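# Examination of the molecular architecture
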Amino acid sequence: MSEYIEANLIEIRKYLKKRKKVISKLNSASIIEEFREWSKDPIPESESIWTLPDLTRNERLKNFCRSIKKEIK
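Quick summary incoming for the structure in this document. These figures come from a predicted structure and were not determined experimentally.

We now examine the overall build of the protein chain. A count of helical and extended segments in the protein chain gives 3 helices and 0 strands. In the protein chain, the order of α-helices and β-strands from amino to carboxyl end is α-α-α. Within the protein chain, buried positions represent 11% of all 73 residues. Carbon and sulfur atoms make up 56% of the accessible area of the protein chain, which totals about 7,100 Å².

Structure representation (structure tokens):
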């Protein structure tokens with residue numbers, strides 16, 4: 001999982017590098033600072049990572065609700 005996260009961080013860094021060239025200096029500094037806050041603390045290997053399922057399709061939503069045994073109306 002950490003390889004996947006590292007690959008995503010690399011892509012985000014590439015995007016930020018391009019993006020900060022077209023936005024104001026203040027916005028650029030704000031975005032870079034926010035990115036540094038959540039990217040500098042790596043997730044420990046022993047810690048499990050929870051992700052949210054993609055519930056955009058009705059079948060997936062029903063399946064998810066069934067798996068947690070809860071009905072959403």
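All right, on to a positive patch on the surface then. Judged by side-chain charge, Lys17, Lys18, Lys20, Lys21 and Arg36 come together as a positively charged surface patch. Along the chain, lysine 18 falls in helix α1 (residues 2-19).

Okay, the side chain of serine 28 next. Counting through the fold element by element, serine 28 comes out in helix α2 (residues 25-39). Discounting residues that sit within four places of it in the chain, serine 28 has contacts with Lys20 and Ile23.

Cut-offs and rules
Residues numbered from 1 in each chain as written. Predicted model: local features only at pLDDT ≥ 70, side-chain atom pairs only at ≥ 80, totals over all residues. Heavy atoms only, no water. Helix = DSSP H or I, 4+ residues; strand = E, 2+ residues; numbered from the N terminus. Buried < 20%, exposed > 50% of the residue type's maximum accessible area, 1.4 Å probe, protein only. Areas by Shrake-Rupley, 256 points an atom, 1.4 Å probe, with all protein chains shown as cover. Patch = residues over 30% accessible without salt bridge, like charges linked within 9 Å, V, L, I, M, F, W, Y side chains within 5 Å. Salt bridge = Lys/Arg side-chain N within 4 Å of Asp/Glu carboxyl O. Lys, Arg positive; Asp, Glu negative; His and termini not counted. Charge placed at Lys NZ, Arg CZ, Asp CG, Glu CD. Contact = heavy atoms within 4.5 Å.

Structural measurements only, silent on function.
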